[in-house]
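Secondary and tertiary structure notes
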Amino acid sequence: TKPRRVFDSGCLLDNGMLFPRESSSRELKELNGLWSFRADRSPNRKQGFERAWYKQRLAETGPVIEMPVPASYNDITQDATLRNFIGWVWYEREVVLPARWLADETTRVVLRVGSAHYYAMGWVNGVKVLEHNGGHLPFEAEISRIIRKDPTMPCRITIAVNNTLSLETLPPGIIKYMDDRTQYPDGYFVQSIFFDFFNYAGIHRPVLLYTTPKAYVNDITVVTDFLDDIGFVKYTISVKGAVTANMKVSLMDKSGKSVACSNEQTGVLKVANVQLWWPYLMHDNPGYLYSLERATHEDVYTLPVGIRTVKVTSTQFLINNKPFYFHGVNKHEDSDIRGKGLDWPLVVKDFNLLKWLGANSFRTSHYPYAEEILQMCDRHGIVVIDECPGVGIKDIRSFGNNSLGHHLDVMDELVRRDKNHPSVVMWSVANEPAAEMPPAEFYFKILIRHTKGLDPTRPVTYITASNFARDKGAPYVDVLCVNSYFSWYHDPGHTEVIPIQLNTQFENWYGKYQKPIIQSEYGADAVSGLHSDPPMMFTEEYQKVVLQNYHDVFDQKRKQYVVGELIWNFADFMTAQGLIRVVGNKKGIFTRQRQPKAAAFLLKDRYWRLANETGTLAPWTKYQGWP
């Protein structure tokens, strides 16, 4: 056979958004906590700009309330109009800065917002420094010059956020104006959305200030490979603020011992007796991370690195050249009170539940999750399908050039942010778009090829509904991800049709495209505590029967070309109010408060059995339960 070469796939884009980390040359100041908050309730939602609220303290413009950051603002108060508010809201926080930040002209000070939904602008002491289109991804700006204009002044940070969705945003939406004055008040409008989760809004992830020297590491890109017991870390380091930079690049193992080093800005580090990054339950030492440290006399930055490979054949998904089977979940960043705001107790609880369940993977449905969550995945060996916010693309006007341009920009930002995470094994560019529409094929052809160009090292997919005959994007993806809800949205109540319909789905997809398939969504609503025998829809028993019928077919097809199953959903989550939702979507195997339904125990037994069959577990883990 032809010998395998390392790095056949090239290298990722090399300018990015490094996660802020403290080091001997960098400091952080978190701004999480209570901010002043005001919603712009003027009819055109533009009073804040017309009266320049950012030029003075927000409390001087009108009444303000306290608002936690990070958090969605929707469920914090008892005000129903704020829960459903569409338009501009304003946040403000005054910060006392360390004297050395103000005095040292060689120190850069950067303001960073983890994410704000969906359009955001930011000012420091009345000077505009930030503008970002799109939620779920970070943005930042250097503010050194502004804060040093008058060191005696507090640093006043103002951030305005607008959650309005249009046909050219991701996700898309439409503002509907109700002009019938016999039915609606003057100026009445509603936000129409095409996705099945609540349109939470606000500053959802941490806001912080961090420092770097004038000459600083702007970006690091790593691509990994291995051959026998030798690991390879191909790296590129971007430095700004200096024409040339003396540097030392060191790769250290978990004990802090240096295993490879270089003095070059670009190169390949060779690691003897390499410890590969393995998924949870696929190896007895999952999630192994090295540390890549770039150090000069100016700047020090350390990047966690997992050495692993990802490849796809016509029937298999390979991690480190071994077949990997996704037995996992779809999730939402969603919980009581805080909405989509990052919450550490919730994150840790969810990871404990994932490991208890025996899940080895999840999809970031339907948007990029917080970087802190991906870092947890890196450490724990949880495999991630990283999805952009391309959900609800249902209107033909959302396939235009402006929409495509924004979609391409979002993929640039997503890959730039997440390119170095070993847990991320695939990019998902959309969820259940209207692929049957005439412009769809061109749209997805460009989008998928662009994403592959950004990152040739990972496969690309998009999530489709189960209508293979009309699909326009599948010819360009590497893995087929299919959502279907037999006996729920189709033939509701008739679980006996699941085996034949699911088998037909798989045979049609594979027969047409000859690519591995992941069942990326399946499930049924179950109201916790609702029971019926024989099973009826919305009971815990019915949810179990649906899952069991799917599992029987999965067990046949995973021996052929099905490479994964992801339940919809990990936990119940909030949606817009409607006739088919009773206080949210109830397809979770856990409640919104993370308590198990009967299906959780069924899935736990299955996932541990699959792990025992497909993984390489240490002897003490070879039973159906989490140690």
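Values in this document were obtained by computation on a predicted structure and should not be read as measured data.

**So, the overall build of the chain**
- In terms of helices and strands, the chain carries 11 helices and 32 strands.
- A compact globule built from 627 residues should have a C-alpha radius of gyration of about 25 Å, and the chain, at 25 Å, falls within 12% of that.
- Principal axes of the C-alpha set define a box for the chain whose edges measure 75 × 70 × 45 Å.
- Residues counted as buried form 60% of the 627 residues belonging to the chain.
- Sequence-distant contacts, at least 24 apart, represent 72% of the contacts inside the chain between residues at least 6 apart.
- Summed over its atoms, the accessible surface of the chain is roughly 24,600 Å², and 52% of this surface lies on carbon and sulfur atoms.
- When the 71 basic and 69 acidic side-chain charges of the chain are each reduced to a single mean position, those positions are 2 Å apart.

**A short note on the packing of helix H7 (residues 401-418) against helix H8 (residues 440-454)**
- Contact geometry for H7 and H8: axes closest at 10 Å, N-to-C directions at 25°. As far as their axial angle goes, H8 and H7 are roughly parallel. Like other packed secondary-structure pairs, H7 and H8 cross with a definite hand, here right-handed. Residues Ser403, Leu404, His407, Leu408, Met411, Asp412 and Val415 of H7 pack against Phe442, Tyr443, Ile446, Leu447, His450, Thr451 and Leu454 of H8.

**Observations regarding the side chain of Glu387**
- Considering the arrangement of structural elements, one finds Glu387 in strand E27 (residues 383-387).
- Overall, the relative accessible area of 0% leaves Glu387 in the buried class.
- For Glu387, the side chain forms a polar contact with the side chain of Arg363, separated by 2.7 Å.
- Side-chain polar atoms of Glu387 contact the side chain of His366, separated by 2.8 Å.
- Not counting the four nearest positions on each side in its chain, Glu387 is found in contact with Arg363, Thr364, Ser365, His366, Tyr367, Pro368, Leu414, Ser428, Ala430, Asn431 and Ile463.

**Thoughts on H7**
- With 18 residues, H7 should reach 26 Å at 1.5 Å per residue; the first-to-last C-alpha distance of 26 Å fits that figure.
- Every buried residue of H7 is accounted for by Ser403, Leu404, His406, His407, Leu408, Val410, Met411, Asp412, Leu414, Val415, Arg417 and Asp418.
- The secondary structure elements touched by the buried residues of H7 are strand E8 (127-133), helix H6 (371-380), E27, strand E28 (424-431) and H8.

**What about the domain arrangement of the chain?**
- Each assigned domain of the chain is listed here: domain 1 (27-163 + 199-213), domain 2 (216-308) and domain 3 (318-621).
- Here domain 2 and domain 3 have C-alpha centroids that lie 31 Å from each other.
- If you look at the interface, domain 2 gives 23 residues, while domain 3 gives 33 residues.
- Interface of domain 2 and domain 3: buried area, both sides summed, is about 2,100 Å²; carbon and sulfur atoms make up 62% of it.
- Contact with domain 3 buries surface across domain 2, with Tyr280, Leu281 and Met282 losing the most and accounting together for 36% of the total.
- At the boundary of domain 2 and domain 3, one finds 10 residue pairs in polar contact (both at pLDDT 80 or more).
- Of all the secondary structure elements, the ones that give two or more residues to the side of domain 2 that touches domain 3 are strand E15 (216-227) and strand E21 (300-305).
- When its residues are assigned to classes, the side of domain 2 that touches domain 3 shows 16 nonpolar, four polar and three charged.

**Examining the sheet that holds strand E7 (residues 119-124)**
- The strand order E3-E2-E4-E10-E7-E8 describes an open sheet built from six strands, whose pairing is antiparallel. Two strands bound the open sheet, and with one partner strand each, they are strand E3 (65-69) and E8. The average angle at which neighbouring strand axes cross in this sheet is 30°, direction not considered.
- With six bridges connecting them, E7 and strand E10 (residues 155-162) associate as antiparallel partners. Pairing of Ala120 across the sheet is with Val161, part of E10.

**What to know about a nonpolar patch on the surface**
- On the surface, Tyr489, Leu579 and Ile580 cluster together into a nonpolar patch covering about 400 Å² of accessible area.
- If you trace the backbone, Leu579 turns up in the loop between strand E32 (562-567) and helix H11 (598-614).
- Since its relative accessible area comes to 91%, Leu579 is described here as exposed.

**Observations regarding the packing of aromatic side chains**
- Applying the stated rule across the entire model yields 38 aromatic pairs.
- For the pair Tyr367 and Tyr369, a centre-to-centre distance of 5.4 Å together with 45° between the ring planes defines the contact as tilted. Residues Tyr367 and Tyr369 agree in their burial class; the two are buried.
- On the basis of an interplanar angle of 90° and a centroid distance of 5.7 Å, the ring pair of Trp568 and Phe573 is categorised as edge-to-face. Phe573 shares its class with Trp568; the two are buried.
- An aromatic cluster is present here, built from Phe49, Trp53, Tyr54, Trp88, Trp90, Tyr119 and Trp123 joined pairwise through their rings.

**Quick look at unusual backbone geometry**
- Looking along the chain, the bond that leaves Val69 and enters Pro70 is cis, with omega of 5°.
- One can find Pro70 in the loop between E3 and helix H2 (80-83).
- Cis geometry is adopted by the peptide bond preceding Pro534, which originates at Asp533 and carries an omega value of 0°.
- Note on placement: Pro534 falls in the loop between strand E31 (517-521) and helix H10 (540-557).
- Notably, Gln514 is not glycine yet its phi reads approximately 55°, a positive angle.
- Tracing the chain through its elements places Gln514 in the loop between helix H9 (498-513) and E31.
- Overall, Gln514 belongs to the partly exposed group, its relative accessible area being 43%.
- A positive phi angle, close to 70°, is found at Arg594, a residue other than glycine.
- Inspection of the secondary structure puts Arg594 in the loop between E32 and H11.

**Considerations on H6**
- Counting buried positions over the 10 residues of H6 gives eight, a clear majority of the element.
- Here the buried face of H6 lies against strand E5 (107-113), helix H5 (344-357), strand E26 (361-363), E27, H7 and E28.

**With respect to the pattern of salt bridges**
- With the rule as written, the count across this model stands at 35 salt bridges.
- Across the pair Lys331 and Asp350 runs a salt bridge whose closest N-O atoms are separated by 3.0 Å. In this pair, Lys331 is assigned in the loop between strand E25 (326-330) and H5 and Asp350 in helix H5, connecting sequence segments 19 residues apart. Accessibility classification places Lys331 together with Asp350 in one group, the buried group.
- With a closest N to O distance of 2.7 Å, Arg592 and Asp334 form a salt bridge. Placement of Arg592 in the loop between E32 and H11 and of Asp334 in the loop between E25 and H5 is noted, with a sequence separation of 258 residues between them. As far as burial versus exposure is concerned, Arg592 and Asp334 are alike and both buried.
- Here the salt bridges share partners, and the residues they tie into one network are Asp555, Arg558, Glu565, Arg606, Arg609 and Glu613.

What counts, and at which threshold
- Residues numbered from 1 in each chain as written.
- Predicted model: local features only at pLDDT ≥ 70, side-chain atom pairs only at ≥ 80, totals over all residues.
- Heavy atoms only, no water.
- Helix = DSSP H or I, 4+ residues; strand = E, 2+ residues; numbered from the N terminus.
- Rg over C-alpha atoms; globule rule 2.2 N^0.38 Å.
- Buried < 20%, exposed > 50% of the residue type's maximum accessible area, 1.4 Å probe, protein only.
- Contact = heavy atoms within 4.5 Å.
- Areas by Shrake-Rupley, 256 points an atom, 1.4 Å probe, with all protein chains shown as cover.
- Lys, Arg positive; Asp, Glu negative; His and termini not counted.
- Charge placed at Lys NZ, Arg CZ, Asp CG, Glu CD.
- Axes fitted to C-alpha atoms, helices over the stretch in contact; angles between N-to-C directions.
- Parallel < 35°, antiparallel > 145°, perpendicular 65-115°, else oblique.
- Left-handed = near helix turned anticlockwise from the far one by under 90°.
- Polar contact = N/O pair within 3.5 Å; in protein donor to acceptor, adjacent residues only side chain to side chain.
- Expected span 1.5 Å × (residues − 1).
- Domains from an automatic or database assignment.
- Buried area = accessible area lost by both parts, 1.4 Å probe.
- Nonpolar A, V, L, I, M, F, W, Y, C, P; charged D, E, K, R; others polar.
- Pairing = 2+ DSSP bridges.
- Patch = residues over 30% accessible without salt bridge, like charges linked within 9 Å, V, L, I, M, F, W, Y side chains within 5 Å.
- Salt bridge = Lys/Arg side-chain N within 4 Å of Asp/Glu carboxyl O.
- Phe/Tyr/Trp six-rings, centres within 6.5 Å; stacked < 30°, edge-to-face > 60°.

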